[in-house]
Every structure is written in C-alpha cells, then in structure tokens.
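Residue strings, one per chain:
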Amino acid sequence: MTYLLLAFWVMRDLWAGPSGRTLSGNRGDHTLFLFLLAHGERVVYHGAALLHSEQLNAPAGVNMMANTSVLALSVPLAPVTHRYGPGVTAALLLTLGLAGSALAWYWLLRRRMELGRPAAWIGGLWGGFAPGWLSHASGHINLVCGFVLPFVLDQVLRLRLPGRVWRGGVALGLLIILQVFISEETLLLMAIALVVFLIAYAVMDPRTVCACAGRFGAGGAVAALVAGASLSYPLHYQFYGPGHYRGQPFVLDRFATSLGSLVTLPRESLFGSDAVASRFSASATEDTVFWGPGAALMFLVAIVVLWRSVAARAAAVTALVLLIVSFGSHFRIDSRPGGRASPLAWTMRVPLLDLVTTPRYALVSTAIVGILLAWASDKAFRRRRWRANAHAPTGTDRVPASGLAKSVHVAGLMAARVLSPRVLFAAGLIAALAPLLPRPAPTQAEPPAPAFFTQAMWRPYLRGSDRSMVIVPLPNRDGGREAMRLAALSNSAFPMPGGYFMGPADPPRDMTGAWTSPPRYTSALLNTAVATGRAPTTLTLTDRAKILDDLRYWNAGLLVLLPDTPHWATLFRLLTQLLGPPVGVGGVTLWADLPR
C-alpha cells in the first residue's frame, strides 16, 4: 500500500487531467505513448495488425516492433483505452508501473532472498522509486513498468537448482516473451548484467559455477527454445520488416552518465535542484544515476558489510562494469564532452548494443545498488552482536561505587548502545534515502481539444474511405505534437501523415534510424512556415504540382489547420491559395474533397 500511495503522489498532477495534461519533462514521448496505447485499442476493437500501424506516417505506417510499442500492456488494457482514452491508460500504467516494480522487487527480496520485511521494503522502495526510474517516469512507460524483471531474475538464478531444467526453462521462456513486448531494451540490459555477473562469480568461485553449469545451460536452452519459437517472427519483422531501421539518430553517448551525477541529488527529489542536476546531465529524461552523496556512500558501506559473500562481490563488479559502460566513450565530470577515454567505449560499436541508449546501462547499476542496500540492511539488523542488549551490563562488569564514576560508566554504556554499528547503519540509510523522496512529476495543461475531434465531426468527411487526415502543423521530431496528441485521443481512428516515432530516415537510400517521417516537399514547406512564418507569396506551377503529388501520396481526404498555430495567417493564406476557400467546423479550419 505504501508503494501505491507513493506512486499516486508522484503522478498526482497527471491524474488531475490525464487527457488534458502531459508530463512537461518529456511531452514528446508522452504523446508517442498515447499513440502506442491507442494502437492496442485498435488491435482489440478494430482488428488492426498487431506489429504494424497504418494510422501514423501514412501511407507507409510504423513498424510497432521497431518502436517501444508495449504491446503486452496496451492490448490487455484496450478496454480502458476504449472507454476512457489513452490518457487515462498512460496515467494508470505509470502509476502501476512504479508501484508494481517496487512490489516485485520486494517479493524477490522477501520470498527468494529471505530478507526481513524492513530490509525487503527498503529494497522494493529503491527498485520502484530510485532516481533513475523516476527520471524515466516523465514519459517512458516501457522503462517504468519493470515489474516482470525481478521474476526473470528469479527464474534465471533458480536454474542452478536440481529439477528446474524443464519447469524453470519453460517459465523463464514465457517471462522473456512477456518482457519483450514490454521493453526489449531492459531485457537486453539484464541479460548483459547476468553474463557479467556469472563471469565474475566464476572467477571468484569456479567450483560452484562448474557444479551447476550443466543445469544452467540446459535450462537456458529450454528457455531459448520456448522464447525463440514465439519471438522468431516478431523479431524478424522488427529487424527486416517494413519500417525497420539501423542504428540511432544520435551519437550514442550524447547523453552519457557523468561522474558528477553519482553524488548529485536528482531533480525529481524534494531536495534536488534542476539547475544543479542540469550541470551533470545532457537530458532530464536520462538521469539514470543521481544517487546523491548519501546513497553512493551507503553503497560502498554495503559492499564492505557483504564482502565475505561471493554473490555480493560479483554483483558489485557487475554494477561497476555496467556503470563504466554508461559513461560512453569518455569519463566526464559533468555533461560537457571530453575527458579520459573509457576502456569499454568499444561496446558502442557492437551490433545490437548500438541500439541501446548509453546512460541506460546505469539502470542495472541502480538496481544492484538497491539489492545490496537491502541485503546489507538485513545483515545489519539481524546480526546478534549488533543487538541493543549486547551492550547491557553483565554480572562480570565492575560498576564503580562512587556517584560520579557510576554516572560516567552508565553514560559510556548508553553511548556504546546508541553508537552501535546497527544504529549507525540505520542512521546512514535514513540520511541517504530521505533526501531522495520524490516530488510530484511536473505536468502542463495542453490546449483544449476542438469539438471537431472530441465530437468526431470529421467522420462524415472520411466515412467509408481509407483516406488520411493531414493536420497542420504536421507532427515531427521538433514540433507539431498537438496533431499527434489529438489523433491519439481519438484512439487513432484515422490515418495521418507525419509523426514522432522511430523509422528509417529516407528509405531505401538511407535506413538510419530517424525520429520522424522521411522528408517531402510539402512537409518541409509547412514546417518552415510554422517555424519562421516564411512561405511563398505566390505558388508556382511546380510548387502546386509537388504539393498535390504529396497530398496524393498521403492519400489525403481532409486537411485541417489547428487554431492557435504559430503563423496561422501565413499558413491560411498558403493553403487557401492552393486549395481554395476553407470551411470552419468544430473550432478548426478545414479543406475537404482534396484531389486524388
């Protein structure tokens, strides 16, 4: 219940108007996930293709497997989206993602590692609400919903037990399938971490690893067979199907972790500062570390407390390796590029790893910090010699007879009790975690949706056809998100060109990943007019031919100019010159009966 209440606290402002507000820290990705959730509704209620959507980037569409489509979440919650809209579904997933992840880690620590309730609660709190997760709660639903990962970890580690080859392998394979349709990236990060952990453990205790290597290998093979049989086609579609791409549209370590972020308080906390955090991070949505000085120190203390455990040492090595990878090509003090070269920079050139945003490797380190803090807390709280009564006087103690000496003796005993390692560890933990208490995620109100969309006034214009609606400003990487938001809030009921998504930059010539549709003459013309107010005073015959060709390519049946658009008069004049006088319907200006 505490996890759920804290999650509602973090998402408080979004729940005030889930369909009329967006998370101000990442409005673009919030809008993207509205579209992704609306796709799940279309799959269930309209029989749309699961792995491809034609409702964005018309007519080519969007490869849903090549995007963070969260199909394992959007499809089951399609009834919620159908009834209340994707805004409510997004708020629900962000809230349940935070609380559910915390509860899943609590279960792992309590039931499998058999930690005490207080220690498991601390680990769960960190697993759901650590600074890295709260940073991604500004819009990355796929990363916030990490509640399957503790169960994946549990099944992997239990493969070492006798009799778990088939049962454990099948369970692990099914969990892998589920996680792929939530977030492939976090599954890949966990797989990398497990490989590093097993290597480190094998170096420290080769006899134990050799003893259970056969069971691990056999169980892993069963899991690979189960998962591979189900995922072979979706993954083939992702990497070779329509709309696939190669690489990222930015330098991988552009947002790399900085050394200063290890001891800086996160901007999402009550005591954090956006100005200070910005010095150590190139993007507020990629603050994957920001443990603060107290938590960083307690992590080191936890390693000392647990040093005799091979598993704890191997976990610490794994956290360090993944943290170094998150630094990218160089060790940098703050967000400015440069510094000493990293020994693990080569990982950015490895196929498949070149699709991972570099700072997200540190999410694994963050998760390990939580596990070790919980483990060390349990050990500290349970050690007998650290009990409070361990410092009580015994029959063999010589108590001074004089009043002053007796008082000094009693004071010394009380100080020993107060300053016991158990109390000091608890005090350090409180001092480390208290400054990390989160504040509500900031949101901002979006313009009220015109009645043209809320009352579906567009239906008579597109009824019985597969033609698209061109909404100006066109949605793209740098703007026009309102058009995409309005379409998503309509449950993506009509196709539209443009969009903010991941796809090829200019296929087939350039298959590099891009955040928007391939460029066309009309989209460039309209984007320039929106951004600068500049547009041709008179359209030439060549201009008209190019624009009409683009409208035909988009299969446009309706063109809508939204109110309050920057340089609205310029766009109105340009479009009127091309298409003739418009009509006003439901708060928008539109041109219908576009040429085929």
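Now for a look at the structure at hand. (Residues numbered from 1 in each chain as written. Predicted model: local features only at pLDDT ≥ 70, side-chain atom pairs only at ≥ 80, totals over all residues. Heavy atoms only, no water.)

Time to look at the overall build of the protein chain. When helices and strands are counted, the protein chain shows 25 helices and twelve strands. Seen along its three principal axes, the alpha-carbon backbone of the protein chain occupies a region of about 105 × 60 × 50 Å. Buried residues in the protein chain amount to 53% of all 596 residues. Approximately 26,200 Å² of the protein chain is accessible, and the part contributed by carbon and sulfur atoms is 64%. The average position of the 51 basic charges and that of the 29 acidic charges among the side chains of the protein chain differ by 12 Å. (Helix = DSSP H or I, 4+ residues; strand = E, 2+ residues; numbered from the N terminus. Buried < 20%, exposed > 50% of the residue type's maximum accessible area, 1.4 Å probe, protein only. Areas by Shrake-Rupley, 256 points an atom, 1.4 Å probe, with all protein chains shown as cover. Lys, Arg positive; Asp, Glu negative; His and termini not counted. Charge placed at Lys NZ, Arg CZ, Asp CG, Glu CD.)

Further remarks concern the packing of aromatic side chains. Working definition: an aromatic ring pair is given by the centre-to-centre distance plus the angle between the planes. Taken as a whole and judged by the stated rule, the model has 13 aromatic pairs. Ring centres 6.4 Å apart and planes at 85° place the aromatic pair Phe381 and Phe425 in the edge-to-face group. Placement of the pair is Phe381 in helix α17 (residues 362-382) and Phe425 in helix α19 (residues 421-433), with a sequence separation of 44 residues. Owing to a relative accessible area of 5%, Phe425 belongs among the buried residues under this scheme. Arranged with centres 6.3 Å apart and planes meeting at 50°, the rings of Phe572 and Trp591 form a pair that is tilted. (Phe/Tyr/Trp six-rings, centres within 6.5 Å; stacked < 30°, edge-to-face > 60°.)

Spatial ordering of the open sheet is given by β7-β10-β12-β11, a layout of four strands whose pairing is mixed. The sheet terminates laterally at β7 (468-472) and β11 (583-585), the two strands that pair on one side only. Taking the axes of each pair of neighbouring strands and ignoring which way they run, one obtains an average angle of 35° across the sheet. Relative to strand β12 (residues 588-592), strand β10 (residues 556-561) runs antiparallel, the two sharing four bridges. Residue pairing for β12: Leu558 is matched across the bridge by Ala592. Running at roughly 15° to β12, helix α25 (residues 568-579) makes contact with β7, β10 and β12 of the sheet. (Pairing = 2+ DSSP bridges. Axes fitted to C-alpha atoms, helices over the stretch in contact; angles between N-to-C directions. Contact = heavy atoms within 4.5 Å.)

Moving on to the side chain of Ser281. If you trace the backbone, Ser281 turns up in the loop between α14 (274-279) and α15 (292-305). Judged by its relative accessible area of 10%, Ser281 is buried.

So, about the nonpolar core. In globular proteins that are soluble, nonpolar side chains generally tend to be buried together. Membership of the largest hydrophobic core comes to 143 residues, with the highest contact counts inside it found for Leu372, Phe452, Phe453 and Met469. Considering each element in turn, this core owes the most residues, twelve residues, to α17. Setting aside residues no more than four positions away along its own chain, Leu372 makes contact with Phe299, Ala302, Ile303, Leu306, Ala312, Ala315 and Ala316. Formed by 20 residues, the second largest nonpolar core is a distinct cluster that contains Ala529, Trp554, Ala556 and Leu561. (Core = buried A, V, L, I, M, F, W, Y, C linked by side-chain atoms within 4.5 Å.)

Further remarks concern unusual backbone geometry. Cis rather than trans, the peptide bond between Ala58 and Pro59 has omega equal to 5°. Within the secondary structure, Pro59 sits in the loop between β2 (52-53) and β3 (62-63). Here the amide bond leading from Val472 into Pro473 is cis, since omega sits at 5°, within 30 degrees of zero. Structurally, Pro473 can be placed in the loop between β7 and α22 (481-489). Despite not being glycine, Asn555 has its phi angle at roughly 55°, a positive value. In this fold, Asn555 is placed in the loop between α24 (541-553) and β10. Phi at Asp593 is positive, roughly 55°, even though this residue is not glycine. Looking at the element boundaries, Asp593 is found in the segment after β12. Since its relative accessible area comes to 74%, Asp593 is described here as exposed.

Of all the six residues making up β10, six are buried; the element is thus mostly covered by neighbouring parts of the structure. As paired elements, β7 and β10 share five bridges and run parallel to each other. Along β10, the bridge assignment pairs Val472 with Leu561.

On to the packing of helix α1 (residues 2-10) against helix α6 (residues 86-112), then. Between α1 and α6, whose axes approach to 8 Å, the crossing angle comes to 150°. Relative to α6, the element α1 is oriented roughly antiparallel. For the crossing formed where α1 meets α6, the hand is right-handed. The segment α1 lies against α6, with Tyr3, Leu4, Ala7, Phe8 and Val10 engaging Thr95, Leu96, Leu98, Ala99, Ala102, Leu103 and Tyr106. (Parallel < 35°, antiparallel > 145°, perpendicular 65-115°, else oblique. Left-handed = near helix turned anticlockwise from the far one by under 90°.)

By themselves, these are just geometric observations and shouldn't be taken as functional.
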